[in-house]
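# Residue-level structure breakdown
Now for the letters of each chain:
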Amino acid sequence: MSSHSELKTSQDVHLRAKQIKNLIRSLKQKIKKIEREGEIAPANCHIIRYQVNGKGTIYWYYKLQAAESIFPMATNNEKKTKYKYLGRAGSSAHIDAVEKLTRRNLIDELERVIQSLTESYLDIYIGTETE
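Residues numbered from 1 in each chain as written. Predicted model: local features only at pLDDT ≥ 70, side-chain atom pairs only at ≥ 80, totals over all residues. Heavy atoms only, no water.

## Things to note about the overall build of the chain
The number of helices and strands found in the chain is two helices and five strands. Reading the chain from its N terminus to its C terminus gives the helix and strand order α-β-β-β-β-β-α. In terms of C-alpha radius of gyration, the chain reaches 24 Å, well past the compact-globule figure of 14 Å for 131 residues. Within the chain, the proportion of its 131 residues that are buried is 22%. Surface summary for the chain: the accessible area is close to 9700 Å², and the carbon and sulfur share equals 52%. When the 22 basic and 16 acidic side-chain charges of the chain are each reduced to a single mean position, those positions are 9 Å apart. (Helix = DSSP H or I, 4+ residues; strand = E, 2+ residues; numbered from the N terminus. Rg over C-alpha atoms; globule rule 2.2 N^0.38 Å. Buried < 20%, exposed > 50% of the residue type's maximum accessible area, 1.4 Å probe, protein only. Areas by Shrake-Rupley, 256 points an atom, 1.4 Å probe, with all protein chains shown as cover. Lys, Arg positive; Asp, Glu negative; His and termini not counted. Charge placed at Lys NZ, Arg CZ, Asp CG, Glu CD.)

Printed below as a string of structure tokens:
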């Protein structure tokens, strides 16, 4: 009786592991699809909105901000800055940055899920050793 129970448990473990591996494979394919859609913003970037006061008028502009100085300066390509000017809402640079950042965020989230699933996969086998 116990050998039947052990066989069933072993099959269950392998089935769960296989399902996780298949899901990881599927998520990696989604990442590749996103990468084929276009350029991806650098890691640790976000778009910020800032205000400029003109003669009695307020103007809103956008820029891409990185955690580190990675963008070439407009006045000197040798030097780097944390900011990349995008212009006004809806400008081609603004829309392009939003699309790149969206792809970056999707990939980052998928990679977090893959990491979590990889840990789950390991837990399946580590957990069966103690049973």
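## Some words on unusual backbone geometry
Positive phi values are uncommon outside glycine, yet asparagine 44 reaches one of about 60°. Looking at where asparagine 44 falls in the secondary structure, it is placed in the loop between α1 (2-37) and β1 (45-53).

## With respect to the pairing of strand β2 (residues 58-66)
As a general feature of sheets, a regular strand has side chains that alternate between the two faces. Bridge count between β1 and β2: nine bridges; the pairing is antiparallel. What sits directly across from glutamine 51, in β2, is tryptophan 60. Counting the residues that bridge the hairpin from β1 to β2 gives four residues, and of these glycine 56 lies at a positive phi of roughly 75°. (Pairing = 2+ DSSP bridges.)

## What about a positive patch on the surface?
A cluster of like positive charges, contributed by Lys28, Lys30, Lys32, Lys33 and Arg36, occupies part of the molecular surface. Residue classification places lysine 32 among the exposed residues on the basis of a relative accessible area of 52%. (Patch = residues over 30% accessible without salt bridge, like charges linked within 9 Å, V, L, I, M, F, W, Y side chains within 5 Å. Salt bridge = Lys/Arg side-chain N within 4 Å of Asp/Glu carboxyl O.)

## What about the pattern of salt bridges?
Throughout the structure, instances matching the rule amount to five salt bridges. Salt-bridge contacts for glutamate 39 lead to lysine 100; the nearest nitrogen and oxygen are separated by 3.4 Å. With a gap of 61 residues between them, glutamate 39 in the loop between α1 and β1 and lysine 100 in helix α2 (residues 92-129) connect regions that are remote in the sequence. Residue lysine 100 is classed as buried on the basis of its relative accessible area of 14%.

## Looking at the side chain of glutamine 65
Tracing the backbone shows glutamine 65 in strand β2. Judged by its relative accessible area of 19%, glutamine 65 falls in the buried class. Residues within four places of glutamine 65 in sequence aside, it is in contact with Asn44, Cys45, His46, Ile48, Lys82 and Tyr83. (Contact = heavy atoms within 4.5 Å.)

## Observations concerning the nonpolar core
Among the nonpolar cores identified, the biggest contains 12 residues, and these are Val13, Ala17, Ile20, Ile24, Leu27, Ile31, Ile34, Ile107, Leu110, Ile114, Leu117 and Ile124. Residues contacting isoleucine 114, with those up to four places away along its chain left out, are Ile24, Leu27, Lys28 and Ile31. One finds Ala66, Phe71, Leu86 and Ala97 within the second-largest nonpolar core, a separate group that totals nine residues. (Core = buried A, V, L, I, M, F, W, Y, C linked by side-chain atoms within 4.5 Å.)

## What to know about the environment of leucine 110
Among the secondary structure elements, leucine 110 is positioned in helix α2. Residue leucine 110 is classed as buried on the basis of its relative accessible area, which comes to 16%. Those residues in contact with leucine 110 that sit more than four places away from it in its chain are Leu27, Lys30, Ile31 and Ile34.

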